[in-house]
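Residue-level structural notes
The chain contents come next:
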Amino acid sequence: MRRAIACVAYAWVVAVGAMPSAAQEREAVVLSGGYVLSFDPAVGDLRQGDILVRGGVIAEIAPRIEAPGATRVDLAGKLVLPGLIDTHTHLWTSSMKGRFQNTPQSAYFAVKAHLGRHFTPEDVRIATYYGAVETLASGVTTTVDLFHNNRGAEFFEASRQALVDSGLRARLLFGAHDDTPPDETADLERLGTLAAEWRDSRVTLGFGWRGTGTGSEQLLATGRTELAAVRTLGLPIAVHASGETVAPLAASGLLGPDVQIIHATGASPEELRIFAEAGASLALTPVTEQRVGYGVIALRDLEPMERIGLGIDGPGLAGAADLFANIRLLALNEAGASGEEGAVSPRRILELATRDAARAIGMDDEIGSLAPGKRADIIAIDLQALGMAPLPDGDPAALVVYSAQPADVDLVMVDGEIRNRDGQLLGVDVPRILGDVERSIRGVADRAGGWPAVRD
Ligand SMILES: [Zn+2]
């Protein structure tokens, strides 16, 4: 079942393979002297290791690498690991951070629907860029961004451009917006054109499917049409399901190894078996699942699912682009729900944000672990930071799971390019971004007739 996903990824690589790569021109870099957690069985962990990066790719990992001419970046006292992978987000909602409250009129879904229809393409660009750079600074190097405010070609282009500008590796999912009637498909002609013309290998294309709702025949028929077209294009698919939308999705007959199911909270063992037999993967977003009351999910209840990754589900709703918070919450849920402190190892939890997350989105040939030949998506966490600890003799994964936070991220490299160094985003004007966000969201609210809580 994994083979089909690998084929999709391979076809994509071939399609972009002829493009000149800026990374090939880049100088070689040695990330030197850090404690390396590779998440690759052949490489293992190195208490002190060097990583040679050339042309955007990991060329070598060894205790000491002499590479004349290469720039040496000293990472002594840092923990070095694969860039974290956020398997599900909605970056366009980032500018609404702090606007979701806890009444029916001011809660997430109401505010998103109310304000979303008043976004312009420029509002989408500003919010997506804001969310993307926050995500990047927090140690995430890859995100899967389901753009569900796709009100036309300029909106999607604004979203794509923001991701390209941010430096993140991303899969951008072409989705329908909240006001799309159930019998209306997404703009499949536009999607076909995008797929044919797409040339970026760092920001790639996928499809955000609305699913089948609580059992709508119209949505099911629309989904059949959409997925037939999307599968012709070989694009990966993602779909939300939770509570009463799980059963109709399981019965839809439309699942496959190219489908990522988001949440699956409330799924019965039988529904999970159907998902697993179809080869679908899961995206878990513990912070937002609990934020909106979907429920608490535990790994031991997901037994049949082989491909699982963690996600942020939008910095706006999650409160922060903080995958560490999701990592920690999942670890706490496992122990809390089972009554056993040792219910799950920190290493297992971290895999869901690295190696397993890559597998869940069909990108494990490229990312998710540190090994020669993999894309150079690498982060370093500062063990000397206040709140962290010098290297323990035990498993440093525990330190990441229970102690690390975005501010401890010292270095972020994506595709061989350093985007964050000494905890600072390079080439990013944060005060300007925040000013843009404030102006943008005020404009949206003005056009919408005010904030929902005030208006109602
Ligand atoms: Zn979502």
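For the structure itself, consult the block above.
Below is a short write-up of the structure. It should be emphasised that the depicted structure is a prediction, and the values quoted were computed from it without experimental measurement.

What to know about the coordination of the zinc ion
Here the zinc ion is held by His88 (NE2), His90 (NE2), His240 (NE2) and Asp313 (OD), and the distances to it run 2.1 to 2.3 Å. For the zinc ion, the 4 donor atoms in the first shell make angles of 86 to 169° at the metal, a pattern classed as irregular. In the primary sequence, the donor residues of the zinc ion line up as H-x1-H-x149-H-x72-D. Taken together, the residues histidine 88 in strand 6 (residues 84-89) and histidine 240 in strand 10 (residues 237-242) connect sequence positions 152 residues apart. Owing to a relative accessible area of 0%, histidine 88 belongs among the buried residues under this scheme. When its relative accessible area of 26% is taken as the criterion, histidine 240 is described as partly exposed.

Points about helix 4 (residues 121-137)
With 17 residues, helix 4 should reach 24 Å at 1.5 Å per residue; the first-to-last C-alpha distance of 24 Å fits that figure. Most of helix 4 is tucked away, with 13 of its 17 residues classed as buried. Taken from the residues just after helix 4, glycine 139 is the one with a positive phi, measuring 95°.

Considerations on the sheet that holds strand 10
Taking strand neighbours across the sheet as the criterion, the 8 strands line up as 6-7-8-9-10-11-12-13 in an open arrangement whose pairing is parallel. The sheet is open, and its two edges are formed by strand 6 and strand 13 (308-310), each paired on a single side. In this sheet, adjacent strand axes meet at a mean angle of 25° when their direction is disregarded. Relative to strand 12 (residues 281-284), strand 11 (residues 259-265) is paired through 3 bridges, and the arrangement is parallel. Bridge assignment links glutamine 260 to a residue of strand 12, and that residue is serine 281. Strand contacts of helix 7 (residues 217-233): strand 9 (203-209), strand 10 and strand 11, with the helix running at about 160° to strand 9, the strand carrying the most contacts.

Things to note about the pairing of strand 3 (residues 57-62)
In the sheet, strand 2 (residues 45-54) pairs with strand 3 via 5 bridges, with the strands oriented antiparallel. When the sheet's bridge partners are listed, aspartate 50 is paired in strand 3 with alanine 62. Taking the residues between adjacent antiparallel strands as the criterion, strand 2 and strand 3 are bridged by 2 residues, where glycine 55 takes a positive phi near 60°.

Remarks on the nonpolar core
By size, the foremost hydrophobic cluster in this structure holds 106 residues, and its most contacted members are Phe119, Leu205, Phe207, Trp209, Ile261, Phe275 and Leu299. Looking at this core element by element, the count peaks at 8 residues for helix 4. In this structure tryptophan 209 touches Gly223, Glu226, Leu227, Ile237, Ala238, Val239, His240, Leu249, Ser252, Leu254 and Leu255, once residues within four positions along its chain are discounted.

Parameters and conventions
Starting from 1, residues in each chain are numbered consecutively following that chain's sequence as written. Totals for whole chains, interfaces and linings use all residues, but because this is a predicted model, local features are given only for residues with pLDDT of at least 70 and pairs of side-chain atoms are given and counted only at 80 or more. Neither water nor hydrogens contribute to the side-chain values; these are computed over all heavy atoms in the structure. Each metal site is built from N, O and S donor atoms within 2.8 Å (3.2 Å for Na, K and Ca), and since water is not included, such sites may look incomplete. Here a site with four donors is tetrahedral if all angles are between 85 and 135 degrees, and a site with four or six donors is square planar or octahedral if opposite donors are over 155 degrees apart and the other angles are between 65 and 115; anything else gets the irregular label. By definition, any uninterrupted DSSP run of H or I lasting at least four residues is a helix, any uninterrupted run of E lasting at least two residues is a strand, and each is numbered from the N terminus. Using a 1.4 Å probe on the protein chains alone, a residue whose accessible area is under 20% of its type maximum counts as buried, one over 50% counts as exposed, and one in between counts as partly exposed. Here a helix's expected span is defined as the number of its residues, less one, multiplied by 1.5 Å. When DSSP locates at least two bridges between a pair of strands, those strands are taken to pair. Axis lines are fitted through C-alpha atoms, for helices just across the contact stretch, and the angle between N-to-C directions can take any value from 0 to 180 degrees. In this analysis, two residues are considered to be in contact whenever any of their non-hydrogen atoms come within 4.5 Å of each other. By nonpolar core we mean a set of buried residues, namely Ala, Val, Leu, Ile, Met, Phe, Trp, Tyr and Cys, connected to one another through side-chain atoms within 4.5 Å.

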